Every structure is written in C-alpha cells, then in structure tokens.
Amino acid sequence: MEKFRNRELSWLDFNRRCLSEAKDKSIPLMERLKFLSITASNLDEFFMIRVASLKDQVDAGYQKKDISGMTALEQVNAILKETHEFMETQYTTYNRSLVPALKKKGLKIISEFESLTPEQETYVDNYFQQEVFPVLTPMAVDSSRPFPLIRNNTLNIGALLRDKKQKDIIDFATVQVPSVLPRVVRIPSEKKNYTTVILLEQIIEKNVQKLFMNYKVICATPFRVSRNADLSIDEDEAADLLIEIEKQLKMRKWGQVIRLEVEDGIDKRLKKLLRKELNIEEDSIFKINGPLDLTFLMKIYGMSGFDFLKDRPFVPQPPKMIDPDRNLFEQIRERDILLYHPYESFDPIVQFVRMAAKDPNVLAIKQTLYRVSSHSPIIASLAAAAENGKQVSVLVELKARFDEQNNIVWARKLEQAGCHVIYGLVGLKTHSKITLVVRREKDGIRRYVHLGTGNYNDSTARLYTDMGMFTCKSPYGEDATAVFNMLSGYSEPLGWNKLTLAPYWLRDKFLSLIQREKENALNKKPAHIIAKMNSLCDPGIMESLYSASLAGVRIDLIVRGICCLRAGVPNLSENIHVRSIVGTFLEHARIFYFENAGKPEIYMGSADWMPRNLDKRIEILFPVEDEELKKEIRHILDIQLADNKKAHILMPDGTYEKGDMRGKKPLNSQLYFCDYFKK
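Let me begin by describing the structure that accompanies this report. Not measured: the values here are computed from a predicted model.

### Section: the overall build of the protein
Here is step 1: The helix and strand inventory of the protein stands at 18 helices and 27 strands.
Here is step 2: The C-alpha radius of gyration computed for the protein amounts to 27 Å, which stays within 12% of the reference 26 Å derived for 679 residues, consistent with globular compactness.
Here is step 3: Taken over the C-alpha atoms alone, the protein extends approximately 90 × 60 × 60 Å along its principal axes.
Here is step 4: Relative to its full complement of 679 residues, the protein shows a buried share of 57%.
Here is step 5: A separation of at least 24 residues holds for 74% of the contacts in the protein among residues at least 6 apart in sequence.
Here is step 6: On the protein, roughly 29,700 Å² of surface is accessible, and the fraction owed to carbon and sulfur atoms is 49%.
Here is step 7: The positive charge centre, built from 99 side chains, and the negative charge centre, built from 91, are 3 Å apart in the protein.

### A closer look at the environment of methionine 321
Here is step 1: Along the chain, methionine 321 falls in the loop between α8 (297-301) and α9 (328-334).
Here is step 2: With a relative accessible area of 21%, methionine 321 lands in the partly exposed category.
Here is step 3: For the pair formed by methionine 321 and glutamine 515, sequence separation is 194 residues and the distance between their alpha carbons is 35 Å.
Here is step 4: Excluding anything up to four places from it in sequence, methionine 321 contacts Gln331, Arg335, Asp336, Ile337, Leu338 and Leu629.

### A short note on the side chain of glutamate 595
Here is step 1: Take glutamate 595: it is sitting in the loop between β23 (591-594) and β24 (601-605).
Here is step 2: Reaching out from glutamate 595, the side chain makes a polar contact with the side chain of tyrosine 593 at a distance of 2.6 Å.
Here is step 3: Glutamate 595 has contacts with Glu517, Pro526, Ala527, His528, Pro600 and Arg634, leaving out every residue within four places of it along the chain.

### Observations concerning the nonpolar core
The tendency in soluble globular proteins is for nonpolar side chains to be buried side by side.
Here is step 1: Core analysis: the biggest nonpolar cluster contains 116 residues, and Ile300, Leu536, Leu545, Leu557, Leu565 and Trp609 have the highest contact counts within it.
Here is step 2: The element best represented in this core is helix α2 (residues 29-59), accounting for 12 residues.
Here is step 3: In contact with leucine 557, other than residues within four places in its own chain, are Ala531, Leu536, Leu545, Leu565, Ile576, His577, Val578, Arg579 and Trp609.
Here is step 4: Within the second largest apolar cluster, 48 residues are counted, among which are Ile422, Leu487, Leu637 and Phe677.

### Here we look at the sheet that holds strand β5 (residues 184-187)
Here is step 1: Pairing within the open sheet is mixed, and its 3 strands lie in the order β1-β6-β5. Of all the strands in the sheet, the pair left with one neighbour each is β1 (107-109) and β5. Strand after strand, the sheet turns through a mean of 30° between neighbouring axes, direction not considered.
Here is step 2: Running at roughly 135° to β5, helix α4 (residues 118-132) makes contact with β5 and β6 (195-199) of the sheet.

### A look at helix α13 (residues 474-488)
Here is step 1: Over its 15 residues, α13 runs 21 Å from end to end, which matches the ideal 21 Å to within 8%, given 1.5 Å per residue.
Here is step 2: Turning to α13, its buried residues are Tyr476, Gly477, Asp479, Ala480, Thr481, Ala482, Val483, Phe484, Met486 and Leu487.

### Remarks on the sheet that holds strand β8 (residues 257-263)
Here is step 1: Strand order across the open sheet formed by 6 strands is β2-β4-β3-β7-β8-β9, with mixed pairing between neighbours. At either margin of the open sheet sits one strand with a lone partner, and together these are β2 (139-141) and β9 (285-288). The sheet shows a mean angle of 30° between the axes of neighbouring strands, direction not considered.
Here is step 2: Examined bridge by bridge, strand β3 (residues 155-163) and strand β4 (residues 170-176) share 7 bridges and lie antiparallel to one another. Along β4, the bridge assignment pairs isoleucine 157 with valine 175.
Here is step 3: Most of the contacts of helix α3 (residues 72-104) go to β9, to which it runs at about 15°, and overall it touches β8 and β9.
Here is step 4: Contacting β3, β4, β7 (215-227), β8 and β9, helix α7 (residues 268-278) runs over the sheet at an angle of about 40° to β7.

### Quick notes on the pattern of salt bridges
Here is step 1: Within this structure, the stated rule accounts for 46 salt bridges.
Here is step 2: Linking arginine 224 and glutamate 261 is a salt bridge whose minimum nitrogen-to-oxygen distance equals 2.6 Å. With arginine 224 in strand β7 and glutamate 261 in strand β8, this pair connects stretches of sequence that are 37 residues apart.
Here is step 3: Look at glutamate 261 and you get buried, because its relative accessible area is 3%.
Here is step 4: Aspartate 336 serves as the salt-bridge partner of lysine 473, at 2.9 Å between the closest nitrogen and oxygen. Of this pair, lysine 473 sits in the loop between β17 (464-471) and α13 while aspartate 336 sits in the loop between α9 and β10 (337-341), and the two are 137 residues apart along the sequence.
Here is step 5: In this structure lysine 473 comes out as partly exposed when scored by relative accessible area, which is 37%.
Here is step 6: Residue aspartate 336 is classed as buried on the basis of its relative accessible area, which comes to 2%.
Here is step 7: When salt bridges with common partners are traced through the structure, they connect Asp44, Arg183, Glu201, Arg224, Arg259, Glu261 and Asp293 into a single cluster.

### Digging into the packing of helix α14 (residues 506-522) against helix α15 (residues 539-550)
Here is step 1: Packing of α14 against α15 brings their axes to within 9 Å, and their N-to-C directions diverge by 10°. By the angle class used here, α14 and α15 are roughly parallel. Across from Arg507, Phe510, Leu511, Ile514 and Lys518 in α14, the residues of α15 making contact are Gly540, Ile541, Ser544, Leu545, Ser547 and Ala548.
Here is step 2: Looking at the contact of α14 with α15 residue by residue, the classes come out as 6 nonpolar, 3 polar and 2 charged.

### Quick look at the pairing of β4
Here is step 1: With 5 of 7 residues buried, β4 lies mostly within the body of the structure.
Here is step 2: The sheet contact formed by β2 and β4 spans 3 bridges and is antiparallel. When the bridges of β4 are listed, alanine 140 appears paired with alanine 173.

### Considerations on the pairing of strand β12 (residues 391-396)
Here is step 1: Extensive coverage of β12 is indicated by the burial of 5 of its 6 residues.
Here is step 2: Pairing of strand β11 (residues 362-369) with β12, which is carried by 6 bridges, proceeds in the parallel orientation. Its bridge partner lying in β12, leucine 369 is registered against valine 396.
Here is step 3: By the bridge criterion, 3 bridges tie β12 to strand β13 (residues 420-422) in an arrangement that is parallel. Pairing of leucine 395 across the sheet is with isoleucine 422, part of β13.

### So, the side chain of serine 226
Here is step 1: Note that serine 226 resides in strand β7.
Here is step 2: Polar side-chain contacts of serine 226 include one of 3.2 Å to the side chain of asparagine 153.
Here is step 3: Not counting the four nearest positions on each side in its chain, serine 226 is found in contact with Asp44, Met48, Asn152, Asn153, Gln256, Val257, Ile258, Arg259 and Glu261.

### Some remarks on unusual backbone geometry
Here is step 1: Here the residue pair histidine 341 and proline 342 is connected by a cis peptide bond, since its omega of 0° sits within 30 degrees of zero.
Here is step 2: Assignment of secondary structure puts proline 342 in the loop between β10 and α10 (347-358).
Here is step 3: Positive phi outside glycine occurs at asparagine 571, with the angle close to 60°.
Here is step 4: Its location among the elements puts asparagine 571 in the loop between β20 (554-559) and β21 (576-581).

The rules we used
- Residues numbered from 1 in each chain as written.
- Predicted model: local features only at pLDDT ≥ 70, side-chain atom pairs only at ≥ 80, totals over all residues.
- Heavy atoms only, no water.
- Helix = DSSP H or I, 4+ residues; strand = E, 2+ residues; numbered from the N terminus.
- Rg over C-alpha atoms; globule rule 2.2 N^0.38 Å.
- Buried < 20%, exposed > 50% of the residue type's maximum accessible area, 1.4 Å probe, protein only.
- Contact = heavy atoms within 4.5 Å.
- Areas by Shrake-Rupley, 256 points an atom, 1.4 Å probe, with all protein chains shown as cover.
- Lys, Arg positive; Asp, Glu negative; His and termini not counted.
- Charge placed at Lys NZ, Arg CZ, Asp CG, Glu CD.
- Polar contact = N/O pair within 3.5 Å; in protein donor to acceptor, adjacent residues only side chain to side chain.
- Core = buried A, V, L, I, M, F, W, Y, C linked by side-chain atoms within 4.5 Å.
- Pairing = 2+ DSSP bridges.
- Axes fitted to C-alpha atoms, helices over the stretch in contact; angles between N-to-C directions.
- Expected span 1.5 Å × (residues − 1).
- Salt bridge = Lys/Arg side-chain N within 4 Å of Asp/Glu carboxyl O.
- Parallel < 35°, antiparallel > 145°, perpendicular 65-115°, else oblique.
- Nonpolar A, V, L, I, M, F, W, Y, C, P; charged D, E, K, R; others polar.

See below:
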C-alpha cells in the first residue's frame, strides 16, 4: 500500500460526498437538488484545471510519478474511469429519485416532447417563435465555412442535415443555446397549483427544423465541451500583469477540449464528426442519460413556491462579542474579538472598513483582496476612503482563478478612486486575508487589524464557514505593517512578533509545532493535534504527522476536501483520525490546535496544508492568545469532532463512511451552531 493517496482521486471522493447529500432522503428535496448541481459545477472546474493540467503533462511526455506512485497518464485514465461511473450515479439520482419526487410535490420537469399536451405544445412553439428564434445563430459547416469555435461550457445543438435537392450529401450545423435567455422555462400546467418547466435546449431541439428550411434535419442533439482553462502566464516577461492576464482570459475560449458531453443515443455519424473536429479521445466523451449540465438545478432551486422543500432559512446573527450600539474601535481596544461566519454576521467587517473610510482620525487603510462580491460594499468603502484623502493601499490578486476578470474591474475602479493598487507579487498568489487601519488617537498612533481565514466577500460569507479576529495589540499591528511593506516594496523587518508568513517561514513553523507534540508524547507529556482545513496533500507535513502518530500523538483532522493522508493504518497512522464535514455551509476555516504539554496554542490562517499554500502563496498564520477566545475555538472544534450526521470518516482503505450514530444522540454541527449563536 502506498503511503499517500492520489490527490485527484481524493478530490473525486470529495465530490462523491457531495453527491451522497443529493441521495440522502432525510434532506429536504430542494437541498438535495442543490447538492446535485454543486457536484456538476465542481466537476466542470476539475476538468478545466486539474484534468487539463494532467493532459498537458501527458502531451509533454512527463513521466515523473506523483506521491501515490502514479504517472500523469495513469492518473488521467483512472480519473476518466471513475468520472464515467460518477456521472452515471449523478443521472441515476436525477432520473430515478429527484425528478419523480419533485413531480409528487407539484413540480414537473419535462423530459420528453411526447409528454407535452396540445396546449403545452402550442405554448412551446409560440415561445420559440417569439422569444428564442430571433436570438439564435445557426452555423453551417461546408467548404466555405469552417467548423466554428465551440465555447467552453456552453450548451450547443449539433445537427446533421440533408439538402432536399442534393439528397446524397449530409451536412453539419450547430447552434449555441443562448445564455441570455432563461434555461428553465415555465409552461402551462395540466393541473391547478402545479408547476411545469421545460429546458430551453429542448424547445430549440423541438423546433430545429425551422432553422434549416431548405434541409431535412436527420438528427439534432445537444452537446457541450469543457476546455483547458488553466492560465499560463510568464510573469517575469510580462511588462504589465493586468494586460497579460486580460490576454490570457481571451485565450481560454481556445483551450484544448478536455471533455465532450453528448446525449445518450446520439447518432453515431454525428458523434464521429464531433470527435474528429474537436480532436478528442473516445474515453473523454461522456454519453448522458438526461439534460446536459446539471447546474441548471440551481435555477430550479431558486424558483418561488417551493420553500417548503428547503431547509429553514438561516439569518446570520449579530456577533456575540460586539455591541452594535457602541463604537467598534472602542470595543477592539478593550479586547480581541472573534467572529464565526456565517453563524455570526459579516456586517462588522464591512462596518469596520466603512467606519474607517469616514473617520477623520483614520490616516490609512490597507487590505488584501482575493475574491470579492460583484457589488462589494468593501470596495465602495475603500474607494470612498481614497476620495476622502486617506492613504489607501489594496492588493488585488489578479490571479484568483475564475475571478480574474472581476478583480481586473475592481482594480481599475480602485485606481480611478485614487487607491494605491498592487497586483500581487511575481510568481506568488497573495491568498492572505488581512486588513490594517491606522488611526490617530489621543495617546498616539494605533493600528487596528482584522485577520481571517476567508475572503472579504459579503456574498460567500453567508455560505462559507470562516473565522476572523479583530485586534489592536501592538505586536499584531507592527507585523501587519510589515506585511504590507513587503507586499508593496522590498522591505522586510528584522524579526516578526506574532504572524508567520508563507512561503518564507510557514512550513517550518508547522513542522516545528508537530515535532514539539511528538517530543512531548515521547516524554509522556500531554500531546494532541487538532487541525481543520480544506485540503491536505503536502508530503512533508504528512510525513511529519505519520512520525508524530507513531510516537503516540493523537491527531484529529477535519479535512473537507482533498486528503492524501492515510488514516488509521497500523504501524503508520493508527493515531490519526480524519473526518470530512459536508453540509449546508461550505466548511472553509483553517484552525490549528496544539496541546503543548497542557498549555494549548491555537492558530488560524488562510493556508491549507498543500504545497501551493506553503510554497507558492503569500499566506498568514496568526495565533489566538486571548484565553476566552481559545476556549470558544476549542468548543467549536469539539462539536465538529462529535458530529455524527454530516461527518464522513476516512477509513484505512481510503473510503469514507458516514459517522456511526448507534447509541448516540444525533449531532449536526452546523445546525448546532445555528442554534448556539442565536442564544
């Protein structure tokens, strides 16, 4: 048995855990629909980035094996095999479980044209003529018109045509399903208090003959391609990083086709033509028994009238440690403040920047931005602060994957407002989450700092579980100033007080903390590690954890996604326990607890235990030193370690099993915290 599991296959395991939520009949029906949609969205990004990268390695003849002992070609083959099986399960869940269950609850999704009533058929044909037909652009392929560019992740309908005059010639044509029109279309229902919907591509397919009046349509089938979307940027050669990234974004639409999805039952001639023109191997073609691109289910989830099939809505609560009627700066001066989103509102962070922008005593605001919402109030406040004459420095990470275009827009807006904008460092992504406010007060200059585990994104803060801390203690403020001086120039302090940065010292910090627990265990002192993160795949960290486990350290890991470590294996990791919590909210916080011989230390930060976080990104790890805050964080970790409803336990053979509830009171940690923070 290899010491480590393959990263990509471990990610597919995570997507299976999401799919298990879609299959779980104890979960409200619309929530199951949402999870199925998430699995499809996850898979799209996985193919565009991870599978694409592996295929690049195969094409380049790269033979080096990964930590699990697999070559790039072996990984691609294993991924394709497992993905075919995974997608079959996706559509079995959709067709046999979700669609019939929705129908029983008053929502019918049309799957066959033949099931339309005469009234519905008339409505659909009229809708096509009035709303859809004017928008469509059918594209024929012949000697004068080459095969068109099929855009990444768009729905298209491919057709084989026979000229009514030249009956021996078969032509090909395609039409893109327009994204400017709603994909889910409501049509008249047969019953009262009943909702019936049909998908846009079905409406087009039904009326496709009207697009090719001089031809007989032999067949017409939806298809979809996923392309290589991994940006390749030579930052050393780029004169202007922003312009270079804009160029690369335009190139994404030309990326190599990595996956082709077609409807099951596609005409063999049409499939052969698509395979040839798109230059794709047979095992990268996925025949789908149902509608392509299940992300449309999120639109179904958002339809009105079905709240009774959803979880009870949760409203983030006012933070327990903040008095809304008092000045926030005053409260931070009194004590460090801990926030736990989305259970506690993200508003204090928005308010923190907004107050600083207006406060005449604030001299400067400095912040790192990785992902922000499309209508970010934080961006608006930063711009207002600059217009108010304050020194505003913002690092906008242009290389945040799939948020590049959004971040380019914000960077330009901030520059126009007078902010000093940094585009990140050459060769490194800036993934740290830090805000510094410099304020003149009666007793001199004071620095207020917010440090977090998640993005400054008010939208995702309602969906992701993250933690943050406000402090104005001088050691944190001095380090925060040093961080921004490093990011904006070349200044590096002689020493650091509290913060630890990647890629410089973070790896060594974690290794020394793990080593200390190992030595404590060998010396019969209390030794325990609890680590919560998104992903774990760094070989050096995992080797250190194995070594600590063999020395007798109990290690509890809460790893939502990728985990390449093997847990509970005799003579390797029998003291290591791994769980993944998949629930309503996306677990995103990074928390690290070290027993330290009975004097526990707790750290939080922006980094997972992955090579990219430890070696290729600017990340920040910060200690939580207030005893009351440490007690609260330990309580949070203990509840998650006791979760037996949403926790999936990693077994020695690499599979995951739901937590054992026999003889135990059911505990869903996310529901627990929803109630806990209401008190």
